[in-house]
Amino acid sequence: MAQKPSIPKGTRDFSPVEMVKRNYIFDTIKEVFQLYGFMPIETPSMENLSTLMGKYGEEGDKLLFKVLNSGDFISKVRDEQLQERNSVKLTTKISEKGLRYDLTVPFARYVVQHRNDISFPFKRYQIQPVWRADRPQKGRYREFYQCDVDVIGSNSLLNEVELIQIVDEVYRRLQLNVVVKLNNRKILAGIAEIIGEAEKIIDITVAIDKLDKIGLENVNKELAEKGVSAKAIETLQPIILLSGTNAEKAAKLKELLADSEVGMKGIEELETVFNYLDQLDVKTEVELDLTLARGLNYYTGAIFEVKSKDMEFGSITGGGRYDDLTGIFGLKDVSGVGISFGADRIYDVLEQMNKFPEETAATTKVLFINFGEKEELFCLPVLSKLRANGINAEIYPASQKMKKQMTYANNKNIPYVIMVGETEMEEGVVSLKNMETGDQEKLTPEQLIEKLA
């Protein structure tokens, strides 16, 4: 009996209809990236584990998909190492490569490797899949696409402002109502400093970043488990739960962080970004959110997260500034900032809110019904003219029953069909039928192009 085919959990097949919708998202994002002067690159699906490991924190390292070495990968492992049953140690012996976890670390590797071939500041975008050995659930997949845009080789806060403008433009075009959550890792470092737990900045940010998912009580519990003192946790509460306008939050933070140089620097950077935004026609709400921490260790300045305002859903865009990500590959003190659009999550939001344009459901605009060889010879030049004018068109490949051909058109949501018989060939016209209304009219090839273009 034949084995029933399947795919790994957390991965998906995409039908033609779904791909048309996905390409609508990719094309929209790509157009906006190009509008702001960003250029495309691609990097391999696999990277050396030495490139990936240690860049995402302990939790991120656990989610890396490792690739077994080619050939007899177990031959170099000693028996005692096998008997230890230590999967972490064993993996280093049998695996040298892994699927990329994100696009940012490979981008940093790319910049260092090609530094003599690129001009700084380097503005790149990248739209490719990434893989995470996560537990699949709604909105969380093991294979998914990221749409990244980064500027590297510039400290200017104008870059942060441009990224917010890009977010504003992308979601305006996609007709999604979103809010940009903005924070700064320097502020979080300042908070850790004033509560007397500066060395636990990573533990604090990882815990705070889970506030939306697990609630304040569980965040406090996790902080305690990581060794943060009860007094420090108590001092942290009013800071995490700070409310008011962006200006009011910033003013309160200046009081709280007055003794922290790094914290005050973070506030200054945020205020600069907000001052620029005040001069621009950015329609999207931008909110200072102190609970935004983003767990990735490489962020050092501004951090962003974008959420839908119309439905409960996770982050659909996120990113931040990293001051020395390339340093781990030998290129010191090169600052960058970038954001990543989660195409799969954006798809889910657009689908649930019924926000995809109707025309994305059909790629073919007109189908030529096939009545036989003579009709084919008449239709083919007309078909070529339509395509030459940018009109998506196809001809049914065989002369079969009309019902079968019309069903084909309906199943593909093709809005028009063309029928050509003896009369049409004699008159040098085609009969165009609107599949929605049933209306039918005779048109010359020139009239047809004018109507459908």
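The paragraphs below set out a description of the structure included in this document.

What counts and what doesn't
Residues numbered from 1 in each chain as written. Predicted model: local features only at pLDDT ≥ 70, side-chain atom pairs only at ≥ 80, totals over all residues. Heavy atoms only, no water. Phe/Tyr/Trp six-rings, centres within 6.5 Å; stacked < 30°, edge-to-face > 60°. Helix = DSSP H or I, 4+ residues; strand = E, 2+ residues; numbered from the N terminus. Buried < 20%, exposed > 50% of the residue type's maximum accessible area, 1.4 Å probe, protein only. Lys NZ or Arg CZ within 6 Å of the ring centre and 35° of its normal. Salt bridge = Lys/Arg side-chain N within 4 Å of Asp/Glu carboxyl O. Contact = heavy atoms within 4.5 Å. Axes fitted to C-alpha atoms, helices over the stretch in contact; angles between N-to-C directions. Left-handed = near helix turned anticlockwise from the far one by under 90°. Nonpolar A, V, L, I, M, F, W, Y, C, P; charged D, E, K, R; others polar. Pairing = 2+ DSSP bridges.

1. Details of the packing of aromatic side chains
Logical step 1: Going through the model one piece at a time under the given rule, you end up with nine aromatic pairs.
Logical step 2: When the ring of Tyr24 is compared with that of Phe356, the centres are 6.0 Å apart and the planes differ by 65°; the resulting orientation is edge-to-face. Here the residue Tyr24 occupies a position in helix α1 (residues 16-35), and Phe356 occupies one in the loop between α14 (343-352) and β12 (366-368), the gap between them amounting to 332 residues. Considered together, Tyr24 and Phe356 belong to a single accessibility category, that of buried residues.
Logical step 3: Taking 5.3 Å as the distance between ring centres and 80° as the angle between the ring planes, the aromatic pair formed by Tyr396 and Tyr408 counts as edge-to-face. Of the two residues, Tyr396 is situated in the loop between β13 (393-395) and α16 (402-411) and Tyr408 in helix α16; the sequence distance between them amounts to 12 residues.
Logical step 4: Positioned over the ring face of Tyr141 is Arg12, at 3.5 Å from the centre of the ring.
Logical step 5: In this structure, Arg22 packs its charged tip against the face of Phe14, placed 3.8 Å from the ring centre.

2. Points about the pattern of salt bridges
Pairing is possible between side chains of opposite charge, provided their charged atoms come close.
Logical step 1: Taken as a whole and judged by the stated rule, the model has 23 salt bridges.
Logical step 2: When the shortest N-O distance is used, the salt bridge between Asp150 and Arg124 registers 2.7 Å. Taken together, the positions of Asp150 in strand β6 (residues 143-152) and Arg124 in strand β5 (residues 122-131) put the pair 26 residues apart, joining distant regions of the chain. Summarising the burial analysis for this pair, Asp150 and Arg124 share the class buried.
Logical step 3: Overlapping salt bridges bring together Glu31, Glu169, Arg172 and Arg173 as one network.

3. A closer look at the environment of Leu443
Logical step 1: By secondary structure assignment, the location of Leu443 is in strand β16 (residues 440-443).
Logical step 2: Leu443 sits in the buried class, given a relative accessible area of 8%.
Logical step 3: The sequence separation of Leu443 and Gly428 amounts to 15 residues, and the corresponding C-alpha distance is 8.8 Å.
Logical step 4: In this structure Leu443 touches Val429, Val430, Leu432, Leu448 and Lys451, once residues within four positions along its chain are discounted.

4. Points about the packing of helix α8 (residues 185-194) against helix α9 (residues 201-208)
Logical step 1: Where α8 meets α9, the closest approach of the two axes is 10 Å, and the angle between their N-to-C directions is 115°. For the crossing formed where α8 meets α9, the hand is right-handed. Judged by residue contacts, Arg185, Leu188, Ala189 and Ala192 of α8 engage Ile201, Ile204 and Thr205 from α9.
Logical step 2: Taken together, the residues of the contact of α8 with α9 break down into five nonpolar, one polar and one charged.

5. Considerations on the pairing of strand β8 (residues 285-288)
Successive residues of a regular strand alternate their side chains across the two faces of the sheet.
Logical step 1: Taking every second residue as pointing to the same face, the buried face of β8 carries Val286 and Leu288, while none of Glu285 and Glu287 on the other face is buried.
Logical step 2: One ladder, built from four bridges, connects strand β7 (residues 178-184) with β8; its direction is parallel. Each residue of the ladder has a partner; that of Leu182, found in β8, is Leu288.

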